[in-house]
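# Residue-level structural notes
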Amino acid sequence: MIKTMDDFNPNFGETKALAQLFGEDAKDIAKLLNDGYGADISTTQFRQFYEKILELNDKAQGNKNFDVEVLPFVKLLNSKVQYSKSRRNCGERFESMMDKSIKVVNSEDELRNFKYFLEAIIGYMPKK
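It should be emphasised that the depicted structure is a prediction, and the values quoted were computed from it without experimental measurement. (Residues numbered from 1 in each chain as written. Predicted model: local features only at pLDDT ≥ 70, side-chain atom pairs only at ≥ 80, totals over all residues. Heavy atoms only, no water.)

### Details of the overall build of the protein chain
Let me state the cut-off plainly: Put simply, DSSP marks the helices as runs of H or I at least four residues long and the strands as runs of E at least two long, and each gets a number from the N terminus on. The globule rule used for comparison is 2.2 Å times the number of residues to the exponent 0.38, while the radius of gyration itself is calculated over C-alpha atoms. Partly exposed describes any residue whose relative accessible area lies between the buried limit of under 20% and the exposed limit of over 50%, with all areas from a 1.4 Å probe on protein chains only and scaled to the type maximum. Only heavy atoms enter the contact rule, under which two residues are in contact if any of them lie within 4.5 Å. In this tally, Lys and Arg are treated as positive and Asp and Glu as negative; His is ignored, and so are the chain termini. In this description, the location of a charge corresponds to atom NZ of lysine, CZ of arginine, CG of aspartate or CD of glutamate.
Scanning the protein chain from terminus to terminus reveals 6 helices and 0 strands. Scaling as 2.2 N^0.38, a compact globule of 128 residues should have a C-alpha radius of gyration of about 14 Å, and the protein chain matches this with 14 Å. Overall size of the protein chain, expressed as C-alpha extent along the three principal axes, is 45 × 35 × 25 Å. Expressed as a percentage of the 128 residues in the protein chain, the buried residues total 43%. Here the contacts in the protein chain between residues at least 6 apart in sequence split such that 73% fall between residues at least 24 apart. On the protein chain, the mean spot of the 20 positive side-chain charges and the mean spot of the 20 negative ones are 4 Å from each other.

Given below as structure tokens:
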């Protein structure tokens with residue numbers, strides 16, 4: 001069970017762990033992002049980052065130059081998260097989740113699984 005972002009250690013390459021990651025872990029993360037006095041990130045803002053991951057995932061499919069044409073833009077997302085945080089559009093929990101996730105994405109398969117993970121979180125986020 002993930003009670004704080006310190007407990008979150010994603011591994012998008014470990015296929016045996018994906019059921020836990022897409023299920024209980026995604027539910028716990030969604031709760032953390034919407035717990036307390038206010039949401040750490042709006043659903044709209046979260047979806048904007050998800051859309052960027054979708055775009056990168058589509059570009060990655062079958063791309064033989066993943067390390068050159070896609071991976072740098074995955075890593076660039078950290079700066080976009082930082083910018084969003086500086087504008088107070090997201091908080092520390094979202095920043096931590098994205099930072100930890102982006103750090104472990106190094107292949108096309110891991111990017112695809114990161115996309116599915118974000119999809120699962122969206123499914124667990126409260127509807128407003």
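### Overview of the environment of Asn-63
Cut-off, in case you're wondering: In protein, a polar contact means a hydrogen-donor-capable atom and an acceptor-capable atom, both N or O and within 3.5 Å, with residues adjacent in sequence counting only if both atoms are side-chain atoms; elsewhere, any N or O pair within 3.5 Å suffices.
Locating Asn-63 in the fold gives a position in the loop between helix H2 (43-60) and helix H3 (66-69). Taking the C-alpha atoms as reference points, Asn-63 and Glu-108, 45 residues apart in sequence, are found 8.5 Å from one another. Here Asn-63 is in contact with Glu-69, Val-70 and Glu-108, once residues within four sequence places are set aside. Among the polar contacts made by the side chain of Asn-63, one reaches the main-chain amide nitrogen of Asn-65 at a distance of 2.7 Å.

### Comments concerning the side chain of Asn-57
With respect to the helices and strands, Asn-57 occurs in helix H2. Residues within four places of Asn-57 in sequence aside, it is in contact with Leu-111, Arg-112 and Lys-115.

### A few points about the side chain of Asp-40
Here Asp-40 is to be found in the loop between helix H1 (18-33) and H2. The class of Asp-40 is buried, set by a relative accessible area of 9%. A polar contact is formed between the side chain of Asp-40 and the backbone nitrogen of Arg-93, at a distance of 3.1 Å. With residues near it in sequence (within four places) discarded, Asp-40 still touches Leu-33, Asn-89, Cys-90, Gly-91, Glu-92, Arg-93 and Phe-94.

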